[in-house]
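Fold and geometry: a report
The primary structure of each chain is shown beneath.
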Amino acid sequence: MNGRVIGAALALATAMGIGFAPGASAAAVTTLYYSSSGAPDYLAQIDQGAANWNAAVTDVRLVKRGTGATIVFHETHSGGSYTNTNGHGRGDIYLDTSQVAEGYDPTRIAAHELGHNLGLPDHYSGPCTELMSGHGPGTACKNANPDATEAAKVQSLWVNGFAAAREESRQVVH
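Quantities reported herein were computed from a predicted structural model and do not represent experimental measurements.

1. A short note on the packing of helix 2 (residues 43–56) against helix 4 (residues 106–117)
- Contact geometry for helix 2 and helix 4: axes closest at 8 Å, N-to-C directions at 50°. One element, helix 2, and the other, helix 4, form an angle in the oblique class. By crossing handedness, the relation of helix 2 to helix 4 is classed as right-handed. Residues Gln45, Ile46, Gln48, Gly49, Ala50, Asn52 and Trp53 of helix 2 lie in contact with helix 4, whose contacting residues are Pro106, Thr107, Ala110, Ala111, Leu114 and Gly115.
- Considered class by class, the residues forming the contact of helix 2 with helix 4 number seven nonpolar, six polar and no charged.

Now the structure itself:
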């Protein structure tokens, strides 16, 4: 790929709110920006959920940002937690306070919904060790870390800057 094409791709990604880590090659690390200001009761839990993903994968980084974020958290009080996303690093995450009141772990919810923004589907029949099993294992499940299979899938999706490559329609996932 020539320099002008790479420069244009980087400019497009920057305009979309998707960046590349300093000092990394464009294909090595994609930085996605998230905002948690719309869920003020869960700031620490959202940050921990992002940190859990950052510890598990290297091809994509989640970085908190006040403005220009492509992943935005919102607090809601009914209807269940869910994500409206394209699965490519863009989406709105709705964290339901009533689920937390029922005993579901807010860090697990945040990390699970971030997983959808990274391209993973639900797997409700999975065990607590699978982050994407979501609410399936019940309120006793506090695991907020992706397992090795989930991390490997995200790595494979983001190895070439997946989010910057194309924009697809949004989908709602829980």
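Moving on, there is more to tell.
2. A look at the environment of glycine 103
- Tracing the backbone shows glycine 103 in the loop between helix 3 (97–102) and helix 4.
- Once the C-alpha coordinates of glycine 103 and glycine 138 are considered, the two residues, 35 residues apart in sequence, prove to be 8.7 Å apart.
- Among residues more than four places away in sequence, those in contact with glycine 103 are Thr139 and Lys142.

3. Focus on helix 4
- Here helix 4 contains 12 residues, and its C-alpha end-to-end distance of 17 Å stays within 8% of the 16 Å for a straight helix at 1.5 Å per residue.
- The element helix 4 is extensively covered by neighbouring structure, given that 12 of its 12 residues are classed as buried.
- Here helix 4 has its buried residues at Pro106, Thr107, Arg108, Ile109, Ala110, Ala111, His112, Glu113, Leu114, Gly115, His116 and Asn117.
- Where helix 4 begins, the capping side chain belongs to aspartate 105, and its oxygen is found 3.2 Å from the backbone nitrogen of threonine 107.
- Just downstream of helix 4, glycine 119 is the residue with a positive phi angle, here 110°.

4. Describing the packing of aromatic side chains
- Scanning the entire structure with this criterion turns up two aromatic pairs.
- On the numbers, 6.4 Å between centres and 80° between planes, the contact of tyrosine 34 with phenylalanine 73 is edge-to-face. With tyrosine 34 in strand 2 (residues 30–38) and phenylalanine 73 in strand 4 (residues 71–76), the pair connects residues that are 39 residues apart, well separated along the chain. Accessibility assignment for this pair places tyrosine 34 and phenylalanine 73 in one class, buried.
- Ring plane angle 20° and centroid distance 4.7 Å describe the contact between tyrosine 82 and tyrosine 94, whose orientation is recorded as stacked. Here tyrosine 82, found in strand 5 (residues 82–85), pairs with tyrosine 94, found in strand 6 (residues 91–96); they are 12 residues apart in sequence, far enough to count as distant.
- Directly above the ring of tyrosine 33 sits arginine 65, whose terminal nitrogen or CZ lies 3.7 Å from the centroid.

Thresholds applied
Every chain is numbered on its own, with residues counted from 1 as its sequence reads. pLDDT decides what is reported in this predicted model: residues at 70 or higher carry local features, side-chain atom pairs at 80 or more are listed and counted, and totals for whole chains, interfaces and linings draw on all residues regardless. Hydrogens and water are ignored here; the side-chain numbers use all heavy atoms of the structure. Only the contacting stretch of a helix is used when fitting its axis, a line to C-alpha atoms as for every element, and angles between N-to-C directions run 0 to 180 degrees. Where helices and strands are cited, they refer to DSSP runs of H or I of at least four residues and of E of at least two residues respectively, numbered from the N terminus. Orientation is classified from the angle alone, with under 35 degrees giving roughly parallel, over 145 giving roughly antiparallel, 65 to 115 giving roughly perpendicular, and any other angle giving oblique. Handedness of a crossing is defined here by the sense of rotation of the near helix relative to the far one, left-handed for an anticlockwise turn of less than a right angle and right-handed for a clockwise turn. We call two residues in contact whenever any of their non-hydrogen atoms come within 4.5 Å of each other. Any residue that is not Ala, Val, Leu, Ile, Met, Phe, Trp, Tyr, Cys, Pro, Asp, Glu, Lys or Arg is counted as polar, Gly included; the first ten are nonpolar and the last four charged. The length a helix should cover is 1.5 Å for every residue beyond the first. Burial here depends on accessible area, computed with a 1.4 Å probe over protein chains only, as a share of the maximum for the residue type. Under 20% is buried, over 50% is exposed, and the range in between is partly exposed. Side-chain atoms alone can form a polar contact between residues adjacent in sequence; in general such a contact is a pair of N or O atoms within 3.5 Å, and within protein one must be able to donate a hydrogen while the other accepts it. Stacked, tilted and edge-to-face are the three classes applied to pairs of Phe, Tyr and Trp rings, where Trp contributes its six-membered ring and a pair requires centres within 6.5 Å; stacked means planes under 30 degrees apart, edge-to-face means over 60, and tilted covers the rest. Only when the NZ atom of a Lys or the CZ atom of an Arg is both within 6 Å of the ring centre and within 35 degrees of the ring normal do we say a charge sits over the ring.

These figures come from the coordinates and say nothing about function on their own.
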